[in-house]
Amino acid sequence: MKINRIFTAGLLICSLLLSAGCSSDSTADVNDSQTVQKAEHNVVSSAKSYADYVKLADTLEELISESDFIAEVKVTDTSSYIWPDTDMIYTLLTPEVINVYKGTYNNELLNVGGGYMNYKEYANSPEVIKDFGHALDTSQYTEEELKTAEFYYDKCGNYIPEVGDTLIYFGIRDRNGDTENYFITYTFQGLFLCDGDNVSNQALEINGSGGFTEPLAKDLMQKFSSAQTASLQDELSETLTVLNIPKSDFINELENNI
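Calculation rules
- Residues numbered from 1 in each chain as written.
- Predicted model: local features only at pLDDT ≥ 70, side-chain atom pairs only at ≥ 80, totals over all residues.
- Heavy atoms only, no water.
- Helix = DSSP H or I, 4+ residues; strand = E, 2+ residues; numbered from the N terminus.
- Buried < 20%, exposed > 50% of the residue type's maximum accessible area, 1.4 Å probe, protein only.
- Contact = heavy atoms within 4.5 Å.
- Areas by Shrake-Rupley, 256 points an atom, 1.4 Å probe, with all protein chains shown as cover.
- Pairing = 2+ DSSP bridges.
- Core = buried A, V, L, I, M, F, W, Y, C linked by side-chain atoms within 4.5 Å.
- Salt bridge = Lys/Arg side-chain N within 4 Å of Asp/Glu carboxyl O.
- Arc of directions from axis to C-beta.

1. Focus on the overall build of the protein
On a plain count of helices and strands, the protein comes out with six helices and 13 strands. Taken over 258 residues, the protein has a buried fraction of 50%. A fraction of 71% describes how many contacts in the protein between residues 6 or more apart in sequence connect residues 24 or more apart. For the protein, the exposed surface amounts to about 11,800 Å²; the carbon and sulfur share of it is 47%.

See the structure below:
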């Protein structure tokens, strides 16, 4: 697996109000049925990582088969941390489990690659200093500005869940045995956001570079003839194509394959 990273700096104020994106225009809102007020993020710097994976799921059946845990959950709390010996931010979700479709749940936390962290905290963290050889520069901001300034880490395009979100989460146990918590199956493929009627995964590549659509997305399009594509702006204001799948059809397909 080859990991690539793009680091950007500059002011980006991202207000996540009932959507995954940073736009107030007419782009599709995949979470518009939820009434929970989302956090407002004052992002002043960001990094984006993507990888050339040796193995990903090509079909929903494979995603189900490779998962230790599949459940519909509501997010009740979130926190962020830096993955040891890297500069990558991960988000920990505390879930209220609505329904378990596969595996067991014993109060584990759910990991999502990517997330937000206070910029000053991130810039001066031991992991960042070790990775870059020095702390990141915060001198352009006042102490008052640094209270709300955030660093955003985009890992493979994952949507970063907020408190109040409902998800269909496909998880695997930590294969190294360092923690009992769950991680998204195939890094980004197993995280689906529910909007009440639909589910979607903004990280699945559809009509990407050169018109590329990844095999799992193609499989979902073939399985769910009533699914519809829509445009969405992500946290970095990049325009994505997402597939909105009727939630009831998606869950029926899950249950038929477990």
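Here the narrative resumes.
2. Overview of the pairing of strand β7 (residues 149–155)
Counting buried positions along β7 gives seven out of seven residues, so the element sits mostly inside the fold. What you see with β7 is no split at all: A149, F151, Y153 and K155 on one side and E150, Y152 and D154 on the other are buried throughout. One ladder, built from four bridges, connects strand β6 (residues 115–118) with β7; its direction is antiparallel. Residue pairing across strands places N118 opposite E150, the latter belonging to β7.

3. As for the nonpolar core
Among the nonpolar cores identified, the biggest contains 27 residues, and I168, F170, F192, L220 and F250 are the most heavily contacted of them. Of all the secondary structure elements, the ones that give two or more residues to this core are α1 (60–66), β8 (166–173), β10 (191–194), α5 (215–223), β13 (239–246) and α6 (247–256).

4. Quick notes on the side chain of K247
Within the secondary structure layout, K247 lies in helix α6. Once residues within four sequence positions are removed from consideration, K247 is found in contact with E72, C194, G196, D197, N198 and V199.

5. Some words on the pattern of salt bridges
Tallying each qualifying case throughout the model produces 10 salt bridges. Residue E238 pairs with K48 through a salt bridge whose shortest N-O separation is 2.7 Å. Within this pair, whereas E238 is found in the loop between β12 (228–233) and β13, its partner K48 is found in strand β2 (residues 40–52), the two being separated by 190 residues in sequence. Residue classification places E238 among the partly exposed residues on the basis of a relative accessible area of 32%. With its nearest N and O atoms 2.9 Å apart, the salt bridge here joins D85 to K130.

6. A short note on α5
Here α5 has its buried residues at L216, A217, D219 and L220. The arc that holds the buried residues of α5, viewed along the axis, is 160°, so those residues lie on one side. Packing partners of the buried residues in α5 comprise α1, β10, β13 and α6.

7. Notes on the pairing of β12
Two elements, β12 and β13, share six bridges in a ladder whose sense is antiparallel. Across the sheet, the residue bridging to Q228 is N244, located in β13. Between β12 and β13, which pair antiparallel one after the other, the connecting turn spans five residues, and S237 there sits at a positive phi close to 65°.

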